[in-house]
Amino acid sequence: MKTSQCWSVLVVIGMIGCSAHTVGTEAAARKFFDVEFQKWMAGEKNSVSTMVSRISMHQEPISYEIRSVVPDEPDFLAYDKAHELPKDWRTWPAFKLNVAIEWKSQAGTPLTNVTTYTLTWNADEKRWYVMERF
């Protein structure tokens, strides 16, 4: 195989590999959530920590499992408040994630809570917004 043919094959393979995480898709939502949750577990600033954990000063979680992901209605607060809400916000992709979060209890044993999130892809800003649902 010639060098130019090899490069063509690699470009096609690279494009196919990237297409699984196209912006605004369920796969992209899962990937974004995973990155943010890993930050939380490492004690870094993130967009998925829960209100209860921020109020009660829980330690960082020790693990998590996404139990389900389903399409959801976009959150109308998923935009930069310095600008107006775009008129097309209802068309933005959104997903509801039910996530089991495992903590270490005060007794040192595992404790699991299930939290529901809405992830909305703001197509204008090209970014995910996360809202914990109550």
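Residues numbered from 1 in each chain as written. Predicted model: local features only at pLDDT ≥ 70, side-chain atom pairs only at ≥ 80, totals over all residues. Heavy atoms only, no water.

### A closer look at the sheet that holds strand β4 (residues 127–133)
As summarised here, the arrangement of the four strands in space is β1-β2-β3-β4, forming an open sheet in which the pairing is antiparallel. With partners counted over all chains shown, the strands left at the sheet margins are β1 (63–71) and β4, one partner each. Taken over all neighbouring pairs, the strand axes of this sheet differ in orientation by 30° on average, direction set aside. Of the strand pairs in this sheet, β1 and strand β2 (residues 94–104) are connected by eight bridges, and their pairing is antiparallel. Bridge pairing links Val 69 to Leu 97 in β2. On top of the sheet, helix α2 (residues 26–41) reaches β1, β2, β3 (110–122) and β4; it is set at about 155° to β1, its chief contact. (Pairing = 2+ DSSP bridges. Helix = DSSP H or I, 4+ residues; strand = E, 2+ residues; numbered from the N terminus. Axes fitted to C-alpha atoms, helices over the stretch in contact; angles between N-to-C directions. Contact = heavy atoms within 4.5 Å.)

### As for the environment of Met 131
Relative to the assigned elements, Met 131 resides in strand β4. For Met 131, a relative accessible area of 33% puts it in the partly exposed group. Note: C-alpha distance between Met 131 and Tyr 117 (14 residues apart in sequence) is 5.5 Å. Not counting residues up to four positions away in its chain, the partners in contact with Met 131 are Asp 75, Leu 77, Thr 116, Tyr 117 and Thr 118. (Buried < 20%, exposed > 50% of the residue type's maximum accessible area, 1.4 Å probe, protein only.)

### Description of the nonpolar core
If you look at the biggest cluster of nonpolar residues, it comprises 17 residues, and the most contacted ones within it are Phe 33 and Tyr 117. When contributions to this core are tallied by element, the ones reaching two or more residues are α2, β1, β2 and β3. Counting residues in hydrophobic clusters, the runner-up holds five residues, among them Ala 78, Tyr 79, Trp 92 and Tyr 129. (Core = buried A, V, L, I, M, F, W, Y, C linked by side-chain atoms within 4.5 Å.)

### Considering the side chain of Thr 116
Within the secondary structure, Thr 116 sits in strand β3. Residues contacting Thr 116, with those up to four places away along its chain left out, are Lys 96, Leu 97, Asn 98, Met 131, Glu 132 and Arg 133.

### Observations concerning the pairing of β4
Of the strand pairs in this sheet, β3 and β4 are connected by seven bridges, and their pairing is antiparallel. When the bridges of β4 are listed, Asn 122 appears paired with Arg 127. Counting the residues in the hairpin turn of β3 and β4 gives four residues, including Lys 126, whose phi is positive at 60°.

### Quick word on the pattern of salt bridges
In this structure the tally under the stated criterion is four salt bridges. Between Arg 67 and Glu 65 there is a salt bridge, with its nearest N and O atoms 3.5 Å apart. Between Arg 133 and Asp 72 there is a salt bridge; the shortest N-O distance is 2.5 Å. Note that Arg 133 is positioned in strand β4 and Asp 72 in the loop between β1 and β2, a separation of 61 residues in sequence. (Salt bridge = Lys/Arg side-chain N within 4 Å of Asp/Glu carboxyl O.)

### Topic: α2
Between its first and last C-alpha atoms α2 spans 22 Å; for 16 residues at 1.5 Å apiece the expected length is 22 Å, and the two agree. On the buried face of α2, the contacting elements are α3 (51–56), β1, β2, β3 and β4. Positive phi appears at Gly 43, one or two residues downstream of α2, with a value of about 80°. (Expected span 1.5 Å × (residues − 1).)

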